[in-house]
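One-letter residues, chain by chain:
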Amino acid sequence: MSDAGTNGVAVVDDAAATSKAQQKAEDLQRATEAGWQKPIPFEYGVAAAPNTEDTGDAAKWLSDAVVYEWTDDYGDVGPENPELEKELFEDPDIQRQGTLDGLKNLSFEFEDAGLHPVVLENVKRCKYDSPTPIQAYCIPAVLTGHDVVGIAQTGSGKTAAFLLPILSKLMGKARMLQGPRPSAEASRVRAEPLVLVVCPTRELACQIFDEARRLCYRTMLRPCVAYGGAPTRNQREQLEKGCDILVATPGRLMDFMKNPSLLSLARLKFTVIDEADELLSSGWEKAIDSLFGASSDTNVDADHTYMMFSATFSKEARKLARDHMEEDFVRIKVGRIGSTHSNIKQDIVYVEDNMKNQALFDLIFSLPPQRTIVFVNAKAKCDIVDDFLYNKGLPSTSIHSDRTQREREDALRAFRTGKCPIMVATGVTARGLDVANVKHVINYDLPSTMHDGITEYVHRIGRTARIGNQGLATSFYNNDRNEDLAPKLVKLLIEAKQVVPEFLEMYKPEDPENIKWNDGTDDESEAGDFGADFGGAVGATDAMPDLNGGFGGGDAPDTNAEFSGGDASFGGGDTGGDAGGRGGAADGFGGGDDKAAAW
Ligand SMILES: Nc1ncnc2c1ncn2[C@@H]1O[C@H](COP(=O)(O)OP(=O)(O)OP(=O)(O)O)[C@@H](O)[C@H]1O
């Protein structure tokens, strides 16, 4: 009896295991037939290096990425380095400009912008054909020495908008200004950067650092990056080789600033606060304040230029600008603040919470394989959805802030290179990410109004359709969770000329042709509330000034004016992370085909 019972259980277990294995094999076959490559199991025990000083592992941290090595024998421009050039400019995973007309609506070229010749050459190597509107306005404003607040849609090239003029200005005097370098007498030096760029996330810091590595190629300007989670030792060692441009997240920056023999900000000429509204809303006000001179050794002389950038701009960010910037600071807005790009097709689908996995599965299989980011609202959910997709035979990875930095970098790399073309992410980790070819953003959860609601939505869907490309954003909506977001979501859809689904019809404003965003942004009054609402009927009001001929000889357009750049048509978009509880090798899966080139 007991034998029979035991055998009975064993038989049932065996049968269950067989049917599970069969199911898994079928799922995998279905995904493969649909064109998806095999999923890759993440073995965190191996991949994850401890966050300690002594990493002991061979994998390279993003902060250790190679930069152009300058020696004093060079004249003004260093010789070519074909190997580095290939890495910096020929990487197949670099974001490339799309073919849409929006980027070409200015009759002005980089050649007219008064950029330093080496910087201009690097722009060409990057294959940037012509400046985007935010670049067209920002470059002359910075070249003529103004503080700048720049607001433009996601994926519109804000990073180059500040890096290009800054590097151009510095290049003229690089030899004179350049910070200390190791010498026969001192093998290590204190980092004394001329440029500081602060941004909210580690991934974004690495991305800006990458752009700086490209634009500093063959120059004597040396970029470094400092961000949390990765070992401080590597980053310290890089700083000790000398640093002219420091890109940093605020926590690690504050840590390094406590060590005056490692880092001094006394020589800074440019401070850029990127994604300013996010930094200010996530508790870094004091840190940012100190960078404006309140309590650090930072250079507070008049020759220090300050810049702030974002795709959305809260009341706190505007106050910071008013309090700390020169009175004649230039405010550049392209499009209405917080508007979305018309290159993004926005679909809203009604899905109850308990049907979301099935809906996600159906949605993914209803489209050809394409690089996709799935946004969820909680870290635990991120793991669950990633596991779900993975177990359905799909090559997914995931990223959220509870992961170690090693895991985050591994996941992002897998997504960026196309090894895992589906990434599940929480909103915070994906802000500002720029990954080429993201074709689809899925809001498995729409952002909650408690967490930046519609502003967050704008940033999320901006991971696709970047820099003149096209993309799709699909959001799962249900009344229980998302009703409070509905009115603003509908306004946004109408503004971007998207279809408003029937279940949202009731939220249409009375006069859809004349949508009002209650913001108060134009006069920057305290009453404005677009931190939460980002409203603000700003953009597209003034005609673009005639930029032709305005540059070149250093003549800039009247930068005291507040520019609003017409109907700039850009898009936004990008990146990913890795999978939690999968542990070691997954039965039936493994390795992943090397199909990266297809992505
Ligand atoms: N003039 C240009 N032509 C073509 N590509 C460009 C140009 N300027 C920048 N890019 C590329 O466009 C991509 C998007 O730029 P960037 O990340 O700076 O956008 P962003 O406005 O900061 O976006 P977000 O608000 O989402 O952070 C990058 O890959 C960048 O290298």
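Residues numbered from 1 in each chain as written. Predicted model: local features only at pLDDT ≥ 70, side-chain atom pairs only at ≥ 80, totals over all residues.

1. Some remarks on the sheet that holds strand β11 (residues 422–426)
1) Next: Across the sheet, six strands lie side by side as β8-β13-β12-β9-β11-β10; this open sheet has parallel pairing. Lying at the two open borders of the sheet, with one neighbouring strand each, are β8 (344–350) and β10 (396–399). When the angles between neighbouring strand axes are averaged without regard to direction, this sheet yields 20 degrees.
2) Next: Two elements, strand β9 (residues 371–376) and strand β12 (residues 438–443), share five bridges in a ladder whose sense is parallel. By the bridge assignment for β12, Ile373 is matched with Val441.
3) Next: Strands β10 and β11 of the sheet are contacted by helix α16 (residues 405–416), whose axis makes an angle of about 140 degrees with β10. (Pairing = 2+ DSSP bridges. Helix = DSSP H or I, 4+ residues; strand = E, 2+ residues; numbered from the N terminus. Axes fitted to C-alpha atoms, helices over the stretch in contact; angles between N-to-C directions. Contact = placed C-beta atoms within 7 Å.)

2. Overview of helix α5 (residues 133–143)
Think of an α-helix as 3.6 residues a turn; residues three or four steps apart then line up on the same face.
1) Next: Among the eleven residues of α5, eleven are classified as buried, and the element is accordingly described as predominantly covered.
2) Next: For α5, the complete set of buried residues consists of Pro133, Ile134, Gln135, Ala136, Tyr137, Cys138, Ile139, Pro140, Ala141, Val142 and Leu143. (Buried ≥ 20, exposed ≤ 12 C-beta atoms within 10 Å, placed from the backbone.)

3. A look at the pairing of β10
1) Next: Neither face of β10 is exposed, since Ser396 and Ser398 on one face and Thr397 and Ile399 on the opposite face are all buried.
2) Next: In this fold, the crossover linking β10 to β11 by way of α16 has right-handed handedness. (Right-handed = clockwise from strand over helix to strand, strands pointing away.)

4. Remarks on unusual backbone geometry
1) Next: The phi torsion at Lys127 lies on the positive side, around 65 degrees, for a residue other than glycine.
2) Next: Of note, Lys127 is situated in the loop between α4 (117–125) and α5.
3) Next: For Lys127, a count of 11 C-beta atoms within 10 Å puts it in the exposed group.
4) Next: Although it is not a glycine, Arg218 sits at a positive phi angle of roughly 65 degrees.
5) Next: The class for Arg218 is buried, based on 20 C-beta atoms found within 10 Å.

5. Looking at the domain arrangement of the protein
1) Next: Under the domain assignment used here, the protein contains domain 1 (62–333) and domain 2 (344–507).
2) Next: The centre of domain 1, based on its C-alpha atoms, is set 29 Å off from the matching centre of domain 2. (Domains from an automatic or database assignment.)

6. Quick word on the packing of helix α6 (residues 158–172) against helix α8 (residues 202–215)
1) Next: Two elements in contact, α6 and α8, have axes separated by 11 Å at closest approach and are oriented at 40 degrees. Classified by the angle their axes make, α6 and α8 are oblique. Relative to α8, the crossing made by α6 is right-handed. Contacts between α6 and α8 pair Thr159, Ala160, Leu163, Leu164 and Leu167 from the former with Ile208, Glu211, Ala212 and Leu215 from the latter.
2) Next: Tallied by class, residues from the contact of α6 with α8 come to seven nonpolar, one polar and one charged. (Parallel < 35°, antiparallel > 145°, perpendicular 65-115°, else oblique. Left-handed = near helix turned anticlockwise from the far one by under 90°. Nonpolar A, V, L, I, M, F, W, Y, C, P; charged D, E, K, R; others polar.)

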